[in-house]
Amino acid sequence: MAPAEILSGKTVSAQVRERLKQQVVEMKEKFPGFRPGLAILQVGNRDDSNLYINMKLKAAAEIGISANHIKLPNTATEADVLKCIASLNGDPAVHGFIVQLPLDSDKPINTEKITNAVAPEKDVDGLSSINAGKLSRGDLGDCFIPCTPKGCMELIRQTGVQVAGKRAVVVGRSKIVGAPMHDLLLWNHATVTTCHSKTSTLAEEVGKADILVVAAGKAEMVKGEWIKPGAIVIDCGINHVPDSTKASGKRVVGDVAYNTAKEKASYITPVPGGVGPMTVAMLMQSTVESAQRFLEKFQPGKWNIQYNQLTLKMPVPSDIEISQSCLPKPIDQVAKEVGLLPDEVELYGQTKAKVHLSTLKRLKNQPDGKYVVVTGITPTPLGEGKSTTTVGLVQALGAHLHQNVFACVRQPSQGPTFGIKGGAAGGGYCQVIPMEEFNLHLTGDIHAITAANNLVAAAVDARMFHELTQTDQALYNRLVPSISGVRKFSDIQIRRLQKLGINKTDPSALTKEEVNAFVRLDIDPGTITWQRVLDTNDRFLRKITIGQSPTEKGFSRTAQFDITVSSEIMAVLALSDGLDDMKKRLGRMVVASSKKGEPVTADDLGVTGALAVLMKDAVKPNLMQTLEGTPVFVHAGPFANIAHGNSSVLADKIALKLVGKDGFVVTEAGFGADIGMEKFFNIKCRYSGLRPHVVVLVATVRALKMHGGGPAVTAGVPLPKEYMEENLQLLAKGCSNLNKQIQNARIFGVPVVVAVNAFKTDTKAELALVVQLAKEAGAFDAVECTHWAEGGKGAVALAMAVQRASQTPSNFRFLYDVELPVIDKIRLIAQQIYGAKDIELLPEAQEKVALYTKQGFGNLPVCMAKTHLSLSHDPEQKGAPTGFVLPIRDIRASVGAGFLYPLVGTMSTMPGLPTRPCFYDIDLDTVSGEVNGLF
């Protein structure tokens, strides 16, 4: 018979690679920006492994696969390797993942444990027990097959011979080739016999084979005369035998005696050039197949997220009952659903986690999603449901319209939670859960701010005390001590020297004048603006005397405590765009002025590095979820009067990357649009560089009736009948406030969607009137919402309106240029946003304008601190007052956060407890561990 036809692996693998190359091109055309990803993990530096890996990297590059070679040193432990595998398992950009064997480590590593740690859906080598089990069961469409057997099957298919019904013999039973080859032939309907070193009738069994696959690892073990005439022979062996004719003194042969076998076989693979080239090609094919499976399951940029089904009840139960009736998803599942990698998430129990800032670096090339801010009309003291609307909107966009969506909200202070206001997790069927976790300690960020703030306060008083009681030289000796005979400045002390213009690094080289300048901050006690803080409502700390112990040697002064969320450190956290930026902002915080009128900063006190250490975890956003399972970032909670009242820049930036270009990030601005929204635009967006797409303006019939002249609304007191009965005239008059707040949003060039938050006492006619007047005032759309009682379902119309609005051009612009004089910036806000005729600066405010301009702070944005209960400075003036003069009592500076805050009236920074605080109703079930009574 004619000699066997040669099955060239080089030729077939080239054809496979060309086909795969075309498939990758088609993927990229269908899903722009997508590339199949292959990761190769190597331990050690074996030459043979390096050679094989380079072949794989070269093939991947040729096909268009993004290949990443991760190399661990030979000192890597099993734990190191498993940690790396866990990270790659969680990386959505990696579709195929192999561990290069053998593992070249000088530490004991269990190879089987390592191969089984690779996620089965990424195990393109097909070596995990799960993939092996699926293959043995015949689940060929749901597993990966080891590359060598897969390449053998491809070569067999090239012959055109039908495998079904043929007798196949596999010589060898290794986990990598022999055993999977047996299963692969079997499930292609061949009758298969496996032979091995203990098979006594090997020649006889080989002679029965229509298809013979040999992977025994023994040179030319199978003789040509054993082979059945016309058989297909696949030789997987690579062996070296002595050959004096070769320069190396050896040559490569297979497990089959090739020269005699080719005379009897119909098809045969050569060695080398047969099965070898197919192994790499099949690895590439499995990687492309894995990417295709990924695309079928997860569209790029489209989350595969499990939403929770709400069981709605009427009447609507209490917030805590609803929250506790819903079982949250494990937070690591939420993290995985939104595309976070395992090493980007720090779990704090089952329901909350911190997200590392490295996420931003990984996603830096990902386009941002649509940016939506929820604000409101001027509210009643009861609030109009901005938080509830924020949560309802994201539940509607996510669980009902299947959009990628994140909510970004502020962390509430514990003070009001135990005081009169209660929690801030939303309400009804629109909540962040678990609400008790949300409203209490969360992950300790507020406690970190308390510690950092009070460290600064302690440093201020301690420094004044020591300067008053010591000579220059004594101070210097203690500030720059000799340790083991060596004196040196710390890094922060070098910065102070440079600030003073002293370019010296040798402590012994300073003159007496330079020592004096270095050790004396010379703080003027009357200028201290830095107060101690506590996250509890306590009216008796509003004015205190400190330093009364005899150890303080008569140095006492009047001071106060503020509530923690009013600390400038909270505002710094909210406006920072990274750890380095936060550290710089902390260092710039001005705590007082010297007696010469120069600003004294945290950096001057030497405390910046310590503050950064205390805040290093707080800077990471907190991940939670809504009742319907959509993701939420809870991060930072600055006051909305003396600060800007918005959640963190970092949370927004990470969320915008995670949702992708077609997704939505919904954040909330504190108080009404004249306060929180104005600061969101002029301060937060200025520092973040982000540009909003839509404003959602929340309005209620109740609040609009109040603005129309309705009686006073008081927390804890039943609503007067005017709010319980239909009154279109009162409502229409009050819509002047709605009209003004719509105009305020439009000043910034952003489309406005009005969300009319419906209450059960509202009539259809009243709701219809608000919708009509909102549209007439220039709103892009106005929608009635029932999300409090219906969850996301009740905000679907709002979500659809937001989607439409986000597709319109947003001509966002700031209200003012920061280079304008301070007075002009204040006047622009007062006139254009509040409706004032003019402003009046009282003498103290005039002095501060001059001081801050002199100190170089005049180009900071302005953060107006005024009542949230009116567009004017007078909380009793409702509707849309005009013609008033806005009095500016004082101006203060949050230099680290990056704004000046003019005081319009008196601002309380430490709330008090009412006669009957919320804590009367809060209790712990000591059997179940459940918290009761929160609202």
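Remember, it's a predicted structure, so these values are computed and weren't measured experimentally.

### Points about the overall build of the chain
Within the chain, the secondary structure is distributed over 33 helices and 37 strands. Counting only C-alpha atoms and orienting by the principal axes, one finds that the chain spans roughly 110 × 85 × 55 Å. Among the 935 residues that make up the chain, the fraction classed as buried is 55%. Of the contacts made within the chain by residues no fewer than 6 positions apart, 75% connect residues no fewer than 24 positions apart. Working note: accessible area of the chain is about 38,800 Å², and carbon and sulfur atoms make up 53% of it. Side-chain charges in the chain split into 101 positive and 93 negative, and the spacing between the mean points of these groups amounts to 3 Å.

### Quick word on the nonpolar core
Of all hydrophobic cores here, the largest spans 145 residues; its most connected members are Phe406, Phe633, Phe681, Leu738, Val754, Leu886 and Ile891. Apart from residues no more than four positions distant in its own chain, Leu886 is found in contact with Ala830, Tyr834, Ala836, Asp838, Ile839, Glu840, Met864, His873 and Val904. Within the second largest apolar cluster, 52 residues are counted, among which are Phe31, Ala60, Ala168 and Ala281.

### Some remarks on a nonpolar patch on the surface
There is a patch of nonpolar side chains on the surface, built from Leu51, Tyr52 and Met55 and spanning about 300 Å² of accessible area. Looking at where Met55 falls in the secondary structure, it is placed in helix α2 (residues 47-63).

### Points about helix α22 (residues 579-588)
Each full turn of the α-helix corresponds to 3.6 residues, which orients residues three or four apart in the same direction. Residues Asp581, Met582, Arg585, Leu586 and Gly587 constitute the buried set of α22. For α22, the elements touching its buried residues are α21 (568-575), β25 (599-601), α23 (602-605), α24 (608-615) and α26 (673-688).

### Looking at the pattern of salt bridges
For the structure on display, the rule yields 45 salt bridges. We note a salt bridge from Lys175 to Glu112, for which the minimum N-O separation is 3.7 Å. In this pair, Lys175 is assigned in the loop between β5 (167-171) and α7 (178-186) and Glu112 in helix α4 (residues 111-117), connecting sequence segments 63 residues apart. Judged by its relative accessible area of 41%, Glu112 is partly exposed. In this structure, Asp662 engages Lys661 in a salt bridge whose closest nitrogen and oxygen atoms are separated by 3.5 Å. Each of the two residues, Asp662 as well as Lys661, counts as exposed. Because the salt bridges share partners, they merge into one network encompassing Glu346, Lys616, Asp617 and Lys620.

### Points about the pairing of strand β31 (residues 781-785)
Within β31, four of the five residues are buried, which leaves the element mostly enclosed by the surrounding structure. Here strand β30 (residues 752-757) runs beside β31; their pairing, made up of five bridges, is parallel. Pairing of Asn757 across the sheet is with Cys785, part of β31. Where the polypeptide runs from β30 across helix α29 (residues 764-776) and back to β31, its parallel neighbour, the crossover connection is right-handed.

### Regarding the pairing of strand β14 (residues 370-376)
In terms of residue burial, β14 counts as a mostly covered element, since seven of its seven residues are buried. Covered by surrounding structure in β14 are Lys370, Val372, Val374 and Gly376 together with Tyr371, Val373 and Thr375, the residues of both alternating faces. Here five bridges tie β14 to strand β28 (residues 664-668), and the two strands are oriented parallel to one another. Looking at β28, one finds that Val374 is bridged to Glu668. Where β14 meets strand β29 (residues 694-699), five bridges bridge the pair, whose relative direction is parallel. What sits directly across from Val373, in β29, is Val695.

### So, the packing of helix α28 (residues 728-747) against helix α32 (residues 822-834)
For the pair α28 and α32, interaxial distance at closest approach is 9 Å and the crossing angle is 130°. Between α28 and α32, the angle falls in the class oblique. Together, Lys740, Asn744 and Ile747 of α28 and Gln832, Ile833 and Tyr834 of α32 make up the contact between the two elements. Residue classes in the contact of α28 with α32 are distributed as three nonpolar, two polar and one charged.

### Notes on the sheet that holds strand β1 (residues 5-6)
Pairing is parallel in the open sheet, where six strands are placed in the order β1-β11-β8-β7-β5-β6. What marks the edges here is a single partner per strand, and that holds for β1 and β6 (191-195). Pairing geometry for β1 and strand β11 (residues 267-268), over two bridges, is parallel. Counted as the bridge partner of Ile6 is Ile268 from β11. With respect to the sheet, helix α6 (residues 147-158) is in contact with β7 (211-214) and β8 (232-235), its orientation differing from that of β8 by roughly 150°.

### Observations regarding the sheet that holds strand β3 (residues 66-72)
In spatial order, the strands read β3-β2-β4; together these three strands make up an open sheet with parallel pairing. For this open sheet the edge positions go to β3 and β4 (96-99), each flanked by a neighbour on one side alone. Across this sheet, the average inter-strand angle for adjacent strands is 15°, counted without regard to direction. Pairing geometry for strand β2 (residues 37-43) and β4, over four bridges, is parallel. Across the sheet, Ile40 pairs through a bridge with Ile98, a residue of β4. Packing against the sheet, α2 makes contact with β2, β3 and β4, and its axis sits at approximately 170° to β2.

### Some remarks on the packing of aromatic side chains
The tally for this structure, following the rule as stated, stands at 14 aromatic pairs. Look at Tyr371 and Phe680: their rings are 5.5 Å apart centre to centre, the planes differ by 50°, and that puts the pair in the tilted class. Of the two residues, Tyr371 sits in strand β14 while Phe680 sits in helix α26, which places them 309 residues apart along the sequence. Per residue, the accessibility class of Tyr371 equals that of Phe680, and both read buried. Ring geometry for Phe681 and Phe812: centres 5.4 Å apart, planes at 50°, overall tilted. With Phe681 in helix α26 and Phe812 in the loop between α31 (796-806) and α32, this residue pair connects regions lying 131 residues apart in the sequence. Taking the ring centre of Tyr687 as reference, the NZ or CZ of Arg585 above it sits at 4.7 Å.

### A word on the side chain of Asp125
If you trace the backbone, Asp125 turns up in the loop between α4 and α5 (129-137). Nearest to the buried, unbridged Asp125 among oppositely charged side chains is Lys56, at 5.5 Å. Every residue in contact with Asp125, bar those within four places of it in the chain, is listed here: Ile98, Val99, Ile145, Pro146, Cys147 and Leu283.

### Describing empty space enclosed by the protein
Vacant regions in the atomic arrangement are exposed by a probe of water-molecule size rolled over the atoms. Scanning the model with the defined rule gives one cavity of 30 Å³ or more in all. In this structure, the largest cavity spans a volume of roughly 60 Å³. Lining the largest cavity are Phe97, Ile98, Val99, Leu101, Thr115, Val118, Asp123, Asp125 and Leu127. In terms of residues, the lining of the largest cavity owes the most to one element, β4, which gives three residues. Along the lines of polarity and charge, the residues of the lining of the largest cavity split into six nonpolar, one polar and two charged.

### Details of the environment of Ser556
With respect to the secondary-structure elements, Ser556 resides in the loop between β21 (544-546) and β22 (557-559). C-alpha of Ser556 to C-alpha of Ala14: the two residues are 542 residues apart in sequence and 85 Å apart in space.

### A few points about the environment of Lys352
With respect to the element layout, Lys352 can be found in the loop between β12 (345-347) and β13 (353-355). Not counting the four nearest positions on each side in its chain, Lys352 is found in contact with Ile331, Leu347, Glu437, Leu442, Thr443, Leu623 and Met624. Only 2.5 Å separates the side chain of Lys352 from the side chain of Glu437, close enough to count as a polar contact. Within the local environment of Lys352, its side chain forms a polar contact with the backbone oxygen of Leu442, the two atoms lying 2.7 Å apart.

Quick notes on the rules
Residues numbered from 1 in each chain as written. Predicted model: local features only at pLDDT ≥ 70, side-chain atom pairs only at ≥ 80, totals over all residues. Heavy atoms only, no water. Helix = DSSP H or I, 4+ residues; strand = E, 2+ residues; numbered from the N terminus. Buried < 20%, exposed > 50% of the residue type's maximum accessible area, 1.4 Å probe, protein only. Contact = heavy atoms within 4.5 Å. Areas by Shrake-Rupley, 256 points an atom, 1.4 Å probe, with all protein chains shown as cover. Lys, Arg positive; Asp, Glu negative; His and termini not counted. Charge placed at Lys NZ, Arg CZ, Asp CG, Glu CD. Core = buried A, V, L, I, M, F, W, Y, C linked by side-chain atoms within 4.5 Å. Patch = residues over 30% accessible without salt bridge, like charges linked within 9 Å, V, L, I, M, F, W, Y side chains within 5 Å. Salt bridge = Lys/Arg side-chain N within 4 Å of Asp/Glu carboxyl O. Pairing = 2+ DSSP bridges. Right-handed = clockwise from strand over helix to strand, strands pointing away. Axes fitted to C-alpha atoms, helices over the stretch in contact; angles between N-to-C directions. Parallel < 35°, antiparallel > 145°, perpendicular 65-115°, else oblique. Nonpolar A, V, L, I, M, F, W, Y, C, P; charged D, E, K, R; others polar. Phe/Tyr/Trp six-rings, centres within 6.5 Å; stacked < 30°, edge-to-face > 60°. Lys NZ or Arg CZ within 6 Å of the ring centre and 35° of its normal. 1 Å grid on protein atoms, 1.4 Å probe; cavity = no way out; pocket = protein on both sides within 12 Å on 5 of 7 lines; lining within 4 Å. Points joined across faces, edges and corners; volume = space filled by probe spheres on them. Polar contact = N/O pair within 3.5 Å; in protein donor to acceptor, adjacent residues only side chain to side chain.

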